[in-house]
Amino acid sequence: MGSQPDLADSFIALHGDLGAGKTTFVRHLLHALGVRGRIKSPTYAVVEPHATPSGLAVHHFDFYRFSDPREWEDAGFRDIFAGPGLKLAEWPEKAAGRIPLEDLAIKIEAMSDETRTVILQAGTPRGARLLREALA
Ligand SMILES: Nc1ncnc2c1ncn2[C@@H]1O[C@H](COP(=O)(O)OP(=O)(O)O)[C@@H](O)[C@H]1O
Ligand SMILES: [Mg+2]
């Protein structure tokens, strides 16, 4: 994290079909940030909270089953997105109109030969800095 201060409070959205590899990517990212143990998919709970050893809060969302707009307020999602920490979201399009603009969009596509094509797209100046740092 020390080398990537922009990551700490950013919102990264993961786009791609079922099975594209969104959850797998999040698991690898969380492991790289030092999160240990089993990383559950938030498919049923919508959000799984994590913390890195250095104290960074990470919220991993999966909005695939998100349908009740009241849940956005009632479950505290608005507060999580407004607060500090790293937010990662699968199926952000299912929360369109509520979810904020993503700093970074990661679009994953599974190809017929089992390889993945990944497109990274910055949505904010913070996201553009993240991309520059990642590619430096
Ligand atoms: N980069 C990858 N290369 C090959 N297989 C992958 C890759 N990413 C994920 N998979 C496999 O694809 C399947 C679905 O992955 P998952 O991360 O659950 O997808 P999603 O969250 O996008 O629905 C899993 O069996 C996983 O092991
Ligand atoms: Mg998933």
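Note: the structure precedes this text.
Residues numbered from 1 in each chain as written. Chains lettered and ligands numbered in written order. Predicted model: local features only at pLDDT ≥ 70, side-chain atom pairs only at ≥ 80, totals over all residues. Heavy atoms only, no water.

Describing the overall build of the protein
Stage number 1. Looking only at helices and strands, the protein features four helices and six strands.
Stage number 2. Reading the helices (α) and strands (β) of the protein from amino to carboxyl end gives β-α-β-β-α-α-β-β-β-α.
Stage number 3. Along the first, second and third principal axes, the C-alpha set of the protein runs to 40 × 40 × 35 Å.
Stage number 4. At a minimum sequence separation of 6, the contacts of the protein that also span at least 24 residues come to 54%.
Stage number 5. With an accessible surface of roughly 7500 Å², the protein has 53% of that area assigned to carbon and sulfur atoms.
Stage number 6. Considering the protein, the positive charge centre built from 16 side chains and the negative charge centre built from 18 side chains are found 2 Å apart. (Helix = DSSP H or I, 4+ residues; strand = E, 2+ residues; numbered from the N terminus. Contact = heavy atoms within 4.5 Å. Areas by Shrake-Rupley, 256 points an atom, 1.4 Å probe, with all protein chains shown as cover. Lys, Arg positive; Asp, Glu negative; His and termini not counted. Charge placed at Lys NZ, Arg CZ, Asp CG, Glu CD.)

Description of the coordination of the magnesium ion (ligand 2)
Stage number 1. On the protein side, the magnesium ion (ligand 2) has T23 (OG1) and E90 (OE) as donor atoms, found 2.1 to 2.2 Å from it. Separated by 67 residues along the polypeptide, T23 in helix α1 (residues 22-32) and E90 in strand β4 (residues 86-90) bring together distant segments of the chain. (Donors = N, O, S within 2.8 Å, 3.2 Å for Na, K, Ca; no water.)

With respect to the side chain of T124
Stage number 1. On the secondary structure map, T124 appears in the loop between β6 (116-122) and α4 (125-135).
Stage number 2. Of the residues examined, T124 reaches a relative accessible area of 19% and is grouped as buried.
Stage number 3. Excluding residues that lie within four positions of it along the chain, T124 makes contacts with L101, E102 and D103. (Buried < 20%, exposed > 50% of the residue type's maximum accessible area, 1.4 Å probe, protein only.)

Side note on the nonpolar core
Stage number 1. Counting 20 residues, the largest nonpolar core has I12, L86 and L88 as its most contacted members.
Stage number 2. For this core, the elements supplying multiple residues, two or more each, are β1 (11-15), α1, β4, β5 (104-110) and α4.
Stage number 3. In this structure, L86 is in contact with L7, A8, S10, I12, L33, L56, A57, V58 and H59, ignoring residues within four places of it in sequence.
Stage number 4. The next biggest cluster of nonpolar side chains, apart from the first, holds 15 residues, and it includes V46, F63, I80 and W91. (Core = buried A, V, L, I, M, F, W, Y, C linked by side-chain atoms within 4.5 Å.)

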